[in-house]
Amino acid sequence: MKIICFDIGKTKILAAVLKIGRGRHKIFEMQEQKNPHNSKKIEKIILDSCQAARKKYWVKKVAISAAHLVDSEKKIVSQGEICYGADVFDFGFLEAGGFSVRIENDGRCFALGEYYFGKGQAAENILAIALGTEIGGGCIMQGKNYRGHHGSALEISHISASYDGKWIDWGILCVGKGIEDSYRKETGKKLSSREIFFEAEKNNKKAKEIINKAANILGIGTASLVNILDPEIIIFGGGLSKQKNFVDKATIAARKNILNKKANYKFAISSLGNKANLLGAASLYK
């Protein structure tokens, strides 16, 4: 089954044409564009890609991994002005153009991608944590995609944490942008998270201190989710998951704060890379 897939995030839009079946996948092509944060421009990017793919591959199925609150029945995303340039973004233009459309939140697409094609294939209960611009989350319970009663489950980036006497979303503290902001406040220097990790490897004391703090916060937050959801496996993904030492430190902090010491919780890093959300979106047609 061939499907046109999109992963729409705050910084970029991934578009791909792929084929899935029997736990396998094949990607025919994949392109990346900067998110213009303008609803009309985003609509044009998506529609142009779909029309080109339909002509080249004879495919009409479209699957979308989308940031923010998703209504999969109405095919809309809400509370996403920072990403789409509009508070409500409607994908109805694709159906009007003759395409079949399925859509899901990006964190839940990540979980689905891991369940069907990644490190979660042998599990029935998965907690997936995507370390991107913020923290995305998804959960598979008894083999089912958990969406919650209102379709907003696992919006975990907005969990508030008290650290250094202040209440703040933990997603601001322990992912890429949070690490960059902390380093800039502490040193006055503007570096990317990748550069800060490189500085830590060179034994930059302040860089190491900030990264260790972020890993500790991530671990404590993860432990809280594990205590609530009790999954078989916790899978980290997203750009920051490439920093294995950082994830390892977070895992150690998580294990220290998990209540059930007898449980054999497994921790893993996604091997799917930027394909995970695309594959999860495609699996909506399974």
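Above this text sits the structure in question.
Throughout, a residue's number is its position along its own chain's written sequence, starting from 1. Local features in this predicted model are restricted to residues of pLDDT 70 or higher, and side-chain atom pairs are both shown and tallied only at a pLDDT of 80 or more, whereas totals for entire chains, interfaces and linings draw on every residue. The side-chain quantities take in all heavy atoms of the structure and omit both hydrogens and water.

(A) Quick look at unusual backbone geometry. Even without a glycine there, the phi angle at His37 is positive, about 55 degrees. Secondary structure counts use DSSP, requiring at least four H or I residues in a row for a helix and at least two E residues in a row for a strand, with both numbered from the N terminus. Positionally, His37 belongs in the loop between strand 3 (24–34) and helix 1 (39–57). For Gln79, which is not a glycine, the phi torsion comes out positive at approximately 55 degrees. By secondary structure assignment, the location of Gln79 is in the loop between strand 6 (76–78) and helix 2 (81–84).

(B) Structural view of the nonpolar core. Buried Ala, Val, Leu, Ile, Met, Phe, Trp, Tyr and Cys residues that are joined via side-chain atoms within 4.5 Å together make up what is termed a nonpolar core. When a residue's accessible area, from a 1.4 Å probe over protein chains only, is under 20% of the maximum for its type it is buried; when over 50% it is exposed; and in between it is partly exposed. Grouped together as the largest cluster of nonpolar side chains are 39 residues, with contacts concentrated most on Ile129, Trp170, Leu218 and Phe246. Of all the secondary structure elements, the ones that give two or more residues to this core are strand 9 (126–131), strand 10 (135–141), helix 5 (170–174), helix 6 (176–187), helix 7 (193–201), helix 8 (205–229), strand 14 (233–237) and helix 9 (244–257). Element by element, the count of residues in this core is highest for helix 8, at 11 residues. We call two residues contacting when some pair of their heavy atoms lies within 4.5 Å. In this structure, Trp170 is in contact with Ile135, Ile156, Ser157, Ile159, Ala161, Ile217, Leu218, Gly221, Thr222 and Leu225, ignoring residues within four places of it in sequence.

(C) Looking closely at the pattern of salt bridges. Whenever a carboxyl oxygen of Asp or Glu lies within 4 Å of a side-chain nitrogen of Lys or Arg, that contact is scored as a salt bridge. Applying the stated criterion across every chain, the model contains 13 salt bridges. One salt bridge in this structure joins Lys10 and Glu134, with 2.8 Å as the shortest N-O distance. You can see Lys10 sitting in the loop between strand 1 (2–8) and strand 2 (12–21) and its partner Glu134 sitting in the loop between strand 9 and strand 10, a full 124 residues away along the chain. The class of Glu134 is partly exposed, set by a relative accessible area of 29%. When the shortest N-O distance is used, the salt bridge between Lys75 and Glu95 registers 3.9 Å. With Lys75 in the loop between strand 5 (69–71) and strand 6 and Glu95 in helix 3 (residues 92–96), the pair connects residues that are 20 residues apart, well separated along the chain.

(D) Focus on the packing of aromatic side chains. Any two rings among Phe, Tyr and Trp, with Trp reduced to its six-membered ring, count as a pair given centres within 6.5 Å; such a pair is stacked if its planes are under 30 degrees apart, edge-to-face if over 60, and tilted if neither. Across all of its chains, the model carries 9 aromatic pairs by this definition. With 5.5 Å between their ring centres and 40 degrees between their planes, Phe28 and Tyr57 make a pair best called tilted. Residue Phe28 is located in strand 3, and its partner Tyr57 is located in helix 1; the two are separated by 29 residues in the primary sequence. Given a relative accessible area of 13%, Tyr57 falls into the buried group. Note on Tyr115 and Tyr116: the rings are 5.0 Å apart at their centroids and 75 degrees apart in plane angle, and the pair reads as edge-to-face. The exposure class assigned to Tyr115 is buried, which follows from its relative accessible area of 15%. Whether a charge sits over a ring comes down to the Lys NZ or Arg CZ being within 6 Å of the ring centre and within 35 degrees of the ring normal. Cation over ring: Lys2 sits above Phe28, and NZ or CZ is 5.2 Å from the ring centre.

(E) View of the sheet that holds strand 15 (residues 266–269). Taken in spatial order, the 5 strands line up as 11-10-9-14-15 in an open sheet, and their pairing is mixed. Among the strands making up the open sheet, the edge pair consists of strand 11 (144–145) and strand 15. The criterion for strand pairing is that DSSP finds at least two bridges linking the strands in question. As paired elements, strand 14 and strand 15 share 4 bridges and run parallel to each other. By the bridge assignment for strand 15, Ile233 is matched with Lys266. Running at roughly 50 degrees to strand 10, helix 4 (residues 106–117) makes contact with strand 9, strand 10, strand 11 and strand 14 of the sheet. Helix axes are fitted to C-alpha atoms over the stretch in contact, other axes to C-alpha atoms as well, and angles between N-to-C directions run from 0 to 180 degrees.

(F) Local environment of the pairing of strand 14. Counting buried residues along strand 14, 5 of its 5 residues qualify, which places the element largely inside the surrounding structure. Of the two faces of strand 14, the one carrying Ile233, Ile235 and Gly237 and the one carrying Ile234 and Phe236 are both buried. Pairing geometry for strand 9 and strand 14, over 5 bridges, is parallel. Bridging across to strand 14, Ile129 finds its partner in Phe236. When the strands point away from the viewer, a crossover counts as right-handed if the route from the first strand across the helix to the second turns clockwise. Once you follow strand 14 into helix 9 and on to strand 15, the crossover reads as right-handed.

(G) Region of the structure containing the environment of Phe89. With respect to the element layout, Phe89 can be found in strand 7 (residues 88–90). Expressed as a C-alpha distance, the spacing of Phe89 and Glu209, which sit 120 residues apart in the sequence, is 40 Å. In this structure Phe89 touches Ser39, Ile42, Glu43, Lys75, Ile76, Val77 and Tyr84, once residues within four positions along its chain are discounted.

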